[in-house]
Structures are given as structure tokens and as C-alpha cells.
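Reading the structure
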Amino acid sequence: MADACHKNPPTVDGNSFVAMCLARAGVDKMFGVVGIPVTSLANRAVALGVRFIAFHNEQSAGYAASAYGYLTRRPGVLLTVSGPGCVHGLAGLSNATANAWPMVMISGSSEQSFTGRGDFQELDQLAAVKPFSKFSAKATDITKIPASVFSVIDWAVAGRPGGTYLDVPSDVLHQTVDESEAERLITQALNSRNKDLIEKPRINYSEIQKAVELLRTAQRPLIVFGKGAAYARAENELTKLVESTGIPFLPTPMGKGLLPDTHELAATAARSLAIGKCDVALVVGARLNWLLHFGEPPKWSKDVKFILVDICKEEIELRKPCLGIVGDAKDVVGMIHKEIKDDPFCLGRTHPWVEAIKNKTEDNVAKMEAQLVKDVVPFNFMTPMRIIRDAILGVGSPAPVVVSEGANTMDIGRAVLVQTEPRTRLDAGTWGTMGVGLGYCIAAAVASPDRLVVAVEGDSGFGFSAMEVETLVRYQLPVVVIVFNNGGVYGGDRRNPEEITGPYKDDPAPTSFIPGAAYHLLLEAFGGKGYLAGTPDELKSALAQAFTARKPTVINVTIDPYAGAESGRLQHKN
């Protein structure tokens, strides 16, 4: 009788075990597309308090996970099915690594006993992710799950953040282990985590002193900061440094807002002068890549001395600056400010360099405002961008997160839209990635639920992920998507007559879409709100209603198809 009443100890399967480990590691959001073999994993995670945001496409879900990592400083987690799902997820994983954002991609994979025999969705996924993942792990047995989960999470944030990958075969997801043994394995894995991964590098004090001396003796110093400084939450330290020294500053596009664009020492509108004439540039959390013209002439002076602050020693070794400081941006800038405070210096408003930047800024802003003040109908890019700028500024604080993608739309938006708060601009980033828009919107809405999210998208950029507007409605996210509809990539058919030849000459141009596409009706199909705007009054009215409602909205803005330039500002590359 005793044997009949004896109960087997409770067990957990691989799905539950992965979910338990993620929850124990502090993961509270996950993005992805479910299916064989990971549907149960998503359901178990939700039951343990992880919010799962389900997408239509792994590409958009991956972009969301990458941006979530940037906005929160915790790895964004993407869940995909095996084979093609993993391949689709590579878009987000590679984007995270290119931008140095922490992200973990978790994919189910085919059964291990069938490897090499053509199993369902079989792929060597570890090989597939290798170019884009800074660390990968495969849980070949249920007992390996805790150590694998904690290591991919720790590696994602270690040093220079980036994408990591966890492979969980379907047979492992169906293995079971006693609950007590599961707890023991989790405790053991937690205790043996690599503490060195999470520790910040020690900053060399003598390099801080050298940096201060270079800034102190410079005639035309400049502080440049990028999204690495934004990720490090260095805004307070940068503000103190800029305001105590009077040194002008230049943010990269996603560094905008760490100090307000309206700050009197902002050199954004005098960018060419600032980088062309500065003699010492303190570059914080920004790489000297294509976005900063590689730090080379003719855009920069051949004599400029770079002080490069980066979390990654290899980055400094690659760029060979006059002085490199390996360390967290917030910590390094704080130490530089503290060192200066003991023996202060300040350029002052009448300093020739500060005056030159200020005069050039005022001149360029006045020229742009002269363009912006005109109401041009049919819309060019400037008129609707001015109306959107004013509407966003009218929201106040907390400022909306602006998501921007497209060629002309993003380029003009970068100059016109004003960022006043940190981490409120998300765009195509280091890799110039198109298709990030809706994924970034969803990430921002989930990461910062108190903020309105406003996407300013070209119609081509919007098209990559447009189906995710249904996801906006399903989760009732406060996202307003504004589509600049100029009928194609860069606009209408821009070919010369002699180019229109051959047997398919009557086809639409490779850059053309259907004119007058009713993008606003797409959202209404799912129960959201759509607006069509072709005049200033229509756009102002739509923005006012959408910003007040804070519900999923698409505003379809009709733009003159010949208003923009081909390839935006990168015409020389096309």
C-alpha cells in the first residue's frame, strides 16, 4: 500500500528550466516568434513573470531585442524557432553586435540524434551565428541549461556589449530533471559565474591627467560623444564637464539628447567647422568609423589630437589615437571632470573658438529656419518635419522617443528634430540598417512605458516591418508612426529618359512604389487609428489627436515624389 501511495518527485522539463534560469537572471521581457520547438518555452516564461512580445517576423523581433538592450542596459532576449527562424533572427543579432548593444538570441534546434540526416529545420546554427555572436553556447543536455543561460547573459554585457547566442536542441527541451536537482544546478551555476566578465576595467589615473593636460592646453578643443556614452548613462558627467570647461560638444546622431540640442555649446549645426578646425578632440563612446569620417583628413585636421575613451582596448589599438583611455564612459568623464575641478579652466563665451562655433551655428540655423518657415504644398520634407518637431517639443517631459529611418526622412529629421533628453533617438545606427523602425518602436514602448514613441519613417523603411503595426494594436502600445509617403525608395522614378529601355522598360522603376499608397488604412484593418495628411492643417490636427490619445496610430503624410535626393546624403556611395 505504501508503494502505491508513493509519489514521484516533481520534475521540470527543458522548456521550464530555460524559463526558470532566464527569470533567475533578471530577464523580464522577451521578444520573438513562437513555433516548433519553443512555444512551450515562451508560455512557461510568461507564467514566471516574463513579458513575451510576440511578433510576425523574427527580423523585427530581433531589432526590438537589440534596441531594448541599448535602452535598458540589460540584454534584450530574442526567442526563435530552429533553422529559418534562427536565420531570420541573425538580422537582429548582427545589428546588436554592430551597434555594441547587449542581446541574447535563443533558438530551438533540431534533435541531436538526427544531426546530419536532414531533420526538420536542421542547420548548424552555431556556425550560422558565428560572425555575429561574441559568445555562443549549446545546451547539449538539460543539466547544461543553467550554466549556458547565465554565460550568454553575462557575455552580452561584458566589455563592449554585443550579441550572444544560446542553442537549445528540441530533445533537450523535452528532457526532465527533478525540481530539487534543477534548483541545485541553478545555484551551482550562479555561484560559478565568471565575475571578471561583469567587472569594469580599472582606469589608469595617469591617462586621466594626460587627457586633462591636452584639453587645458588646446586652442580649439571639442568633446564628441556617441551612443556608447548614452548606453553608459554618462549624461550628468558630460554636462558637468562641458559646462565647467566651456568646451563645445558634438553628439553623433544617437548621442543627441545627452545634452540638449538647444544647449549654447552644441556644435551640431557647425559640424564641419568643429571637426575641421579642432586641435584636440575628446571622443567618448563613439568610434572613429564612417560616421566620424574615420578621424582623418580632409574632414578632420591632419594635426588633431584624439583622446579616445572606449570600453574596448582593441578599439583604441585599432584607431591609434594620441591618447587612449580604456574604461566606462561615465566613470572616465567623471574622473576627468574631478581632475579639472581641482585646477579649473574655462574657455568662456568670448573665447575665439567658442565664438566661431556659436556664429557658425547661428548662421546655419538661420538658413535652415528660413527653409522651415515656408509652408510648401505639395509637401517637401521640410514643412512636415517642422510641424512634427514643434508637436514633439510641445509634449514636454518625459520627451517622446523618436525612431527614425529612411534616406531623406532620416537625414533631414536628424537636422530638424530636436532631442532634449538622453536616449530619445533611435535610428539606422552604425550599420545603416533599414527595417528597424517598428521593432525599435515596440522596444522603446516596452522599455519606457511612460514615454510616447514617435516614428518618423520613409515609406520604404516602413515597408520592411509594416505588418508589425498589428503588434502595436495587440499590445495597445503608445506609438505614433508617421510615414513620409513619396512613392518609393528616395521618391518617384528619377531615371533619365535614355535609361528607360530594354524589354521591361514599361515596368515601374526599381525605386518606385504604388503612388498614393493608403498606409493609414493598414492600421485601421487591425483596429488602430489612421490619418491621411497632405496639408499643414491636416498634419497638425492628426498629430494633436494622436499625441493626446497615445494609442497605436499611423499618419500617412503625402510628400512630393521629387522632393528628396537619391540616397539621401550618401549619394557618392550609390
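Look up a bit, the structure's there.
In this report, we go over the structure that sits alongside the text.

Conventions adopted
Residues numbered from 1 in each chain as written. Predicted model: local features only at pLDDT ≥ 70, side-chain atom pairs only at ≥ 80, totals over all residues. Heavy atoms only, no water. Axes fitted to C-alpha atoms, helices over the stretch in contact; angles between N-to-C directions. Helix = DSSP H or I, 4+ residues; strand = E, 2+ residues; numbered from the N terminus. Left-handed = near helix turned anticlockwise from the far one by under 90°. Contact = heavy atoms within 4.5 Å. Nonpolar A, V, L, I, M, F, W, Y, C, P; charged D, E, K, R; others polar. Pairing = 2+ DSSP bridges. Polar contact = N/O pair within 3.5 Å; in protein donor to acceptor, adjacent residues only side chain to side chain. Buried < 20%, exposed > 50% of the residue type's maximum accessible area, 1.4 Å probe, protein only.

Moving on, we get to the packing of helix α7 (residues 145-157) against helix α9 (residues 179-191). At a minimum axis distance of 8 Å, the contact between α7 and α9 shows a crossing angle of 35°. Classified by chirality, the crossing of α9 by α7 is right-handed. Each of P146, A147 and F150 in α7 lies in contact with α9, whose residues at this interface are L185, I186, A189 and L190. Split into classes, the residues belonging to the contact of α7 with α9 amount to seven nonpolar, no polar and no charged.

Let us look at unusual backbone geometry. Put simply, I36 and P37 share a cis peptide bond, and its omega is 5°. As for its placement among the helices and strands, P37 is situated in the loop between β2 (29-32) and α3 (39-47). Cis rather than trans, the peptide bond between P297 and P298 has omega equal to 10°. Among the secondary structure elements, P298 is positioned in the loop between β11 (280-284) and β12 (305-310). Residues other than glycine seldom take positive phi values, yet R233 does so here, at roughly 60°. Its place among the elements puts R233 in the loop between α12 (227-231) and α13 (235-245).

Further remarks concern the sheet that holds strand β3 (residues 51-54). Pairing is parallel in the open sheet, where six strands are placed in the order β3-β2-β4-β5-β7-β6. Only two strands of the sheet have a single partner each, and these edge strands are β3 and β6 (135-138). Direction aside, the axes of adjacent strands within the sheet are offset by 20° on average. Set on the sheet, helix α4 (residues 58-72) makes contact with β2, β4 (76-80) and β5 (103-109); between it and β4 the angle comes to about 160°. Strand contacts of α7: β5, β6 and β7 (163-169), with the helix running at about 165° to β7, the strand carrying the most contacts.

Read from one edge of the open sheet, five strands run β10-β9-β11-β12-β13, paired in parallel fashion. If you trace the sheet from one side to the other, it starts and ends with β10 (249-251) and β13 (323-326), each paired once. On average, each strand axis in the sheet is inclined to that of its neighbour by 15°, with strand direction left out of account. Relative to β11, strand β9 (residues 221-225) is paired through five bridges, and the arrangement is parallel. Counted as the bridge partner of I223 is L282 from β11. Across the sheet, α13 lies against β9, β10 and β11, angled at about 165° from β9, the strand it touches most.

Along the polypeptide, S465 turns up in helix α21 (residues 459-465). Of the polar contacts made by the side chain of S465, one reaches the backbone nitrogen of L438; its length is 3.4 Å. If we skip the residues at most four places from it in the chain, S465 touches S60, G435, G437 and L438.

Let us look at the pairing of β2. Alternating residues of β2 divide into K29 and F31 and M30 and G32, and every residue in both groups is buried. Examined bridge by bridge, β2 and β3 share four bridges and lie parallel to one another. Counterpart to M30 in the pairing with β3 is F52. Relative to β4, β2 runs parallel, the two being bridged by two bridges.

Everything listed is a geometric property; what it means functionally is a separate question.
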